[in-house]
Each structure stands twice: as structure tokens, then as C-alpha cells.
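Geometric and topological summary
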Amino acid sequence: MSLKYAVLAALLEGEASGYELSKVFDVSLANFWPATPQQLYRELERLAGDGLIEARTVQQERRPTKRLFSLTAAGREQLGAFAAEPTRRPTAVRDEFLIKMQAMDGVDPHVVRALVEERRAWALGKLARYERVRERLLDGRSEEEHLRDADRVGPYLTLAAGITFERENARWCERVLAVLDERRAPTGSAGSAGHAGQALG
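Residues numbered from 1 in each chain as written. Predicted model: local features only at pLDDT ≥ 70, side-chain atom pairs only at ≥ 80, totals over all residues. Heavy atoms only, no water.

**A closer look at the environment of Val 27**
Turning to its location among the elements, Val 27 is positioned in helix α2 (residues 18–29). Note: C-alpha distance between Val 27 and Lys 126 (99 residues apart in sequence) is 9.0 Å. Residues in contact with Val 27, not counting those within four places in the same chain, are Arg 129, Tyr 130, Val 133 and Arg 136. (Helix = DSSP H or I, 4+ residues; strand = E, 2+ residues; numbered from the N terminus. Contact = heavy atoms within 4.5 Å.)

**Regarding the nonpolar core**
Grouped burial of nonpolar side chains is what soluble globular proteins tend to show. Val 7, Leu 8, Leu 11, Phe 25 and Ile 53 are the most contacted members of the largest nonpolar core, which totals 19 residues. Only α1 (2–10), α2, α3 (37–49) and β3 (63–71) provide two or more residues apiece to this core. Broken down by element, the residue count for this core peaks at six residues, all from α1. Beyond its immediate sequence surroundings of up to four residues, Ile 53 is in contact with Leu 8, Leu 11, Leu 44, Leu 47, Ala 48, Phe 69, Ser 70, Leu 71 and Thr 72. (Core = buried A, V, L, I, M, F, W, Y, C linked by side-chain atoms within 4.5 Å. Buried < 20%, exposed > 50% of the residue type's maximum accessible area, 1.4 Å probe, protein only.)

**With respect to the pattern of salt bridges**
This model, assessed by the stated rule, comprises 17 salt bridges. Through salt bridges with shared partners, a single ionic network connects Arg 113, Glu 117 and Asp 181. (Salt bridge = Lys/Arg side-chain N within 4 Å of Asp/Glu carboxyl O.)

What follows is the structure in C-alpha cells.
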């Protein structure tokens, strides 16, 4: 159900093709609602059939004809009603990686370390992408200026949530790596217990 509203919300930015929307999802919405291009195209057809968006065909020289989608008045009304509804349930984390961490004791520490380093690299990669989007949204303005003067602040605030999430994700991975290093250190090494305790704090 929420993909429907994620698509409608993405179209608040203006008319877009399915390809352009897939890029919006990949860059701007991926931090809270990822979707594959196939899922998007199916949802666009459903929304058009329901009269919540409309499509127009654009002829292009030397390129395939494309369809551009935009919100209808009914789509805007339904999206506004959805935005005002209480959230049905809080976010629930379902992460295969955390199951592996739960069962890490007894696994080769080098293997565990590689998994954590991979997760940290993913987090830092996504964080770098989100920071580039942030700079594009700010367009030379300070955050305070943008939040005060921009026509819409929703995209910036949701992006900020994604940035906070990935920063904390990377920070947690660094703490786990520190704990792994401390546990591999020779028994009795000065400061081992203090460092490990700090890493988990």
C-alpha cells in the first residue's frame, strides 16, 4: 500500500517519466522506501487506472516515445489524506545481517570482520550519495535558509533521516570492529577492558 503513496509523493516534484521516477527512488527515496523499476512501472499503471495520476505521451527525435506522469487533483487529495492519517505501526527492523551478528560467537573472527567492514562500506557509500543530494537540495544555501525559505521541506527532512541512519550505521560498525580488535588482543593488554566497554557504550 505504501508504495502507492511513495510514488504519489515523488510526483509532487513534478511531471516525470517512469525512468526518471526510478532514479528518484534510487537516490532520494531509497533511504526509506526502496522499489525496483518493475514495481514502479506496475504501480504507475495501477495509479493511472485509478485516476490518481495521468499520463501523456511525448514524441522524441531519435529516441523512443516516452510517457510522462503527473498527479491529478484526486491523487493530490488522496495523498494529503494519507499524510494526515496516524501511522499504523512503528518501524520494525528485519535485518539478516543482525541475525548473523547475533550468532557471531564461534565464527571465524576474520569472516565476521569482513562482514562488518562490508556493511560499513555500504553505509558510507549511501551516506556519500545522500550528502550529494543534500548539497543539490541546498543549492548554496545554509540548512537554516533552506528550511525557512524552500517551497517544500519534506524531501530535505526525509533525506536528513536517511543521513542520520547511515551515519549511525557506520558508527555502529566501527564500534563492532573495535570490539573485535580488543577481543583478539593478548589477554591483559593495557586498556583492553576499558576500550571494549567504551566501544559498546
